[in-house]
Amino acid sequence: MATTSAGASETPKSASAPRSASSAAREVVFSVRHLWKVFGPKADRIPEDTSVAGLSAQELREKTGCTAAVRDVSFDVHKGEVFVVMGLSGSGKSTLVRCLTRLIEPTSGGLEMDGEDVRAMDRSSLRELRRRRASMVFQHFGLLPHRTVVDNVAYGLEIQGVSKAERRERATEMVEKVGLAGLEKRRPGQLSGGQQQRVGLARALAVDPEVLLFDEPFSALDPLIRRDMQEEVVRLHREEGRTMVFITHDLAEALRVGDRIALMRDGEIVQLGTPEEIVGSPADDYVRDFVRDVPREQVLTVRRAMRPAEDGESDQGPALTPDTLISDAIEAVARCGGAARVVDEGRCLGIVDHACLLNVVARVDHRPEEVAA
Ligand SMILES: Nc1ncnc2c1ncn2[C@@H]1O[C@H](COP(=O)(O)OP(=O)(O)OP(=O)(O)O)[C@@H](O)[C@H]1O
């Protein structure tokens, strides 16, 4: 199980399993322990200096002239999950994700990829890591303007020394995969912003990396195209199960694409959990405020709403799986006019009726453990 930084809270795992990373497949890709990145004079002294540990970002800046962009952060990224790093501007998202491949050099802490010590890697291993194992998709796509779509996609393979025929074949396949078939011969200037972002995505996918790192990839896109691209990421993820680390400052985007979300504030992770955990059990007032406007019925599941079955209820009414969204359960209950059962592998876990579904929407929470038995 992932850990969080000191003082951060990880909500209990009772609400729901991450959408795609099954509990059986908990292989760790990135393991981050007590990671710090401090900018400023004598930065390396800051992590060990206990006199600054409790200071706020502003106090630290005033006292030392340093900014702790990442502050004692610990977590694991599991194989096959979409791990979202979310937070307001300046909270440390980009610095943290750049530290993963040492595009930014961490100040202190432990960092492993597939059990290998990333901080101990020499230049050539690092180059290999960035080219083949963890590809970054940036907000500014960095496409080469004079090259065609297919040649842009093939670029990463060219750097790797893949033969021309093979890179054409793989690039064409990726162009199709991201929905750009027919546009292979265009140049980036002849594409819309969304299409250009798809080229960037295809280019990152072409090298078949173990992990895709997205740095606010869609923030320059208009809302409809942005939504399209989010769906594209979710689709690609479902089809391929590729591990993704996705930075965003947009909560709706984080909830849409994330299996787990690390919510950052002033360089620290204040909460790490599934969308349901973050929305349903905010760790503190900051997180509560952050998620206040989220339509709960579209994120929370019947696990959070159900009550124990009373006599005769456990074999009547429509059956819902435990990860059914409250919004879908409302429809099911409205249609049948009575209560619905929450059933997992033939066992009735509890009952949802009008009252308990309304309680969740109206934020009158009762604790899921009340029905755990
Ligand atoms: N090279 C640098 N030198 C000094 N301070 C820096 C440097 N890079 C980042 N910072 C500071 O570190 C903090 C975290 O920055 P970072 O870019 O990681 O935040 P972010 O959450 O990605 O923000 P945004 O959403 O605006 O991109 C900020 O206070 C920023 O000013």
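Residues numbered from 1 in each chain as written. Predicted model: local features only at pLDDT ≥ 70, side-chain atom pairs only at ≥ 80, totals over all residues. Heavy atoms only, no water.

Considering the side chain of lysine 37
Now for step 1: Among the structural elements, lysine 37 can be located in strand E2 (residues 28-39).
Now for step 2: Notably, lysine 37 is buried but unbridged: the nearest opposite-charge side chain belongs to glutamate 105, and the N-O separation is 7.6 Å.
Now for step 3: A polar atom in the side chain of lysine 37 sits 2.8 Å from the backbone oxygen of glutamate 105. (Helix = DSSP H or I, 4+ residues; strand = E, 2+ residues; numbered from the N terminus. Buried < 20%, exposed > 50% of the residue type's maximum accessible area, 1.4 Å probe, protein only. Lys, Arg positive; Asp, Glu negative; His and termini not counted. Salt bridge = Lys/Arg side-chain N within 4 Å of Asp/Glu carboxyl O. Polar contact = N/O pair within 3.5 Å; in protein donor to acceptor, adjacent residues only side chain to side chain.)

Let's talk about the pattern of salt bridges
Now for step 1: If you walk through the whole model with that rule in mind, you get 26 salt bridges.
Now for step 2: Two residues, glutamate 240 and lysine 177, come together in a salt bridge whose shortest N-O distance is 2.5 Å. Of this pair, glutamate 240 sits in helix H7 (residues 223-240) while lysine 177 sits in helix H5 (residues 164-177), placing them 63 residues apart in sequence.
Now for step 3: Linked by salt bridges that have partners in common, Lys177, Asp208, Glu240 and Arg242 make up one network.

Describing the environment of glycine 142
Now for step 1: Relative to the assigned elements, glycine 142 resides in the loop between strand E7 (134-138) and helix H4 (149-159).
Now for step 2: On the basis of relative accessibility, which here comes to 51%, the residue glycine 142 falls in the exposed class.
Now for step 3: For the pair glycine 142 and glutamate 105, spaced 37 residues apart in the sequence, the C-alpha separation amounts to 22 Å.

Let's talk about the side chain of arginine 71
Now for step 1: Secondary-structure assignment places arginine 71 in strand E3 (residues 67-78).
Now for step 2: One buried charge, arginine 71, has no salt-bridge partner; the nearest side chain with opposite charge is glutamate 268, at 4.5 Å.
Now for step 3: Polar contacts involving the side chain of arginine 71 include one to the main-chain carbonyl oxygen of leucine 55, which spans 2.6 Å.

Here we look at the sheet that holds E3
Now for step 1: Read from one edge of the open sheet, 4 strands run E3-E2-E5-E6, paired in antiparallel fashion. Bordering the open sheet on either side are E3 and strand E6 (116-117), each of which pairs with just one other strand. (Pairing = 2+ DSSP bridges.)

Considering the site of the ligand
Now for step 1: Taken together, the neighbourhood of the ligand is formed by Phe39, Thr67, Ala69, Leu88, Ser89, Gly90, Ser91, Gly92, Lys93, Ser94, Thr95 and Glu216.
Now for step 2: One of the backbone N or O atoms of serine 94 is found 2.9 Å from an oxygen atom in the ligand.
Now for step 3: A distance of 2.5 Å separates an oxygen atom of the ligand from a polar atom in the side chain of threonine 95.
Now for step 4: Bound to the protein, the ligand loses 57% of the 630 Å² it would expose on its own.
Now for step 5: Those elements that provide at least two residues to the shell around the ligand are E3 and helix H2 (93-100).
Now for step 6: No other element matches the 3 residues that H2 contributes to the shell around the ligand.
Now for step 7: When grouped by side-chain class, the residues that make up the shell around the ligand number 3 nonpolar, 7 polar and 2 charged. (Near = heavy atom within 4 Å. Areas by Shrake-Rupley, 256 points an atom, 1.4 Å probe, with all protein chains shown as cover. Nonpolar A, V, L, I, M, F, W, Y, C, P; charged D, E, K, R; others polar.)

Topic: the domain arrangement of the protein
Now for step 1: By domain assignment, the protein separates into domain 1 (28-294) and domain 2 (297-362).
Now for step 2: At the junction of the two partners, domain 1 supplies 8 residues and domain 2 supplies 4 residues.
Now for step 3: Taken together, both faces of the contact between domain 1 and domain 2 bury some 470 Å²; the carbon and sulfur share is 56%.
Now for step 4: Broken down residue by residue, the surface that domain 1 buries against domain 2 is led by Glu276, Val279 and Gly280, which jointly contribute 73%.
Now for step 5: Taken together, the connections running from domain 1 to domain 2 amount to 1 salt bridge.
Now for step 6: Here domain 1 and domain 2 share 3 residue pairs in polar contact (both at pLDDT 80 or more) between them.
Now for step 7: At 5 residues, helix H9 (residues 275-280) tops the list of elements feeding residues into the side of domain 1 that touches domain 2.
Now for step 8: Taken together, the residues of the side of domain 1 that touches domain 2 sort by class into 4 nonpolar, 2 polar and 2 charged. (Domains from an automatic or database assignment. Contact = heavy atoms within 4.5 Å. Buried area = accessible area lost by both parts, 1.4 Å probe.)

Here we look at the layout of surface pockets
Now for step 1: Roughly 520 Å³ of volume is contained in the second largest pocket.
Now for step 2: As for the second largest pocket, its lining consists of 20 residues, of which Arg130, Arg131, Ser135, Met136 and Phe138 are closest to the centre.
Now for step 3: Among the elements that take part in the lining of the second largest pocket, E7 stands out by supplying 5 residues, more than any other.
Now for step 4: Taken together, the residues that form the lining of the second largest pocket break down as 11 nonpolar, 5 polar and 4 charged. (1 Å grid on protein atoms, 1.4 Å probe; cavity = no way out; pocket = protein on both sides within 12 Å on 5 of 7 lines; lining within 4 Å. Points joined across faces, edges and corners; volume = space filled by probe spheres on them.)

Describing the environment of leucine 325
Now for step 1: Structurally, the position occupied by leucine 325 is in the loop between strand E12 (319-320) and helix H12 (326-336).
Now for step 2: Separated by 88 residues in sequence, leucine 325 and histidine 237 have C-alpha atoms that sit 21 Å apart.
Now for step 3: Filtering out sequence-adjacent residues up to four positions away, leucine 325 remains in contact with Glu297, Gln298, Val299, Leu300 and Thr301.

Let's talk about the packing of H12 against helix H13 (residues 354-361)
Now for step 1: Contact pair H12 / H13: the axes reach a minimum separation of 10 Å and the direction vectors enclose 150°. Classified by the angle their axes make, H12 and H13 are roughly antiparallel. As for how H12 packs across H13, the hand of that crossing is left-handed. Residues Ile326, Ala329, Ile330 and Val333 of H12 touch H13, and the partners they reach there are His354, Leu357, Val360 and Val361.
Now for step 2: Looking at the contact of H12 with H13 residue by residue, the class counts come to 7 nonpolar, 1 polar and no charged. (Axes fitted to C-alpha atoms, helices over the stretch in contact; angles between N-to-C directions. Parallel < 35°, antiparallel > 145°, perpendicular 65-115°, else oblique. Left-handed = near helix turned anticlockwise from the far one by under 90°.)

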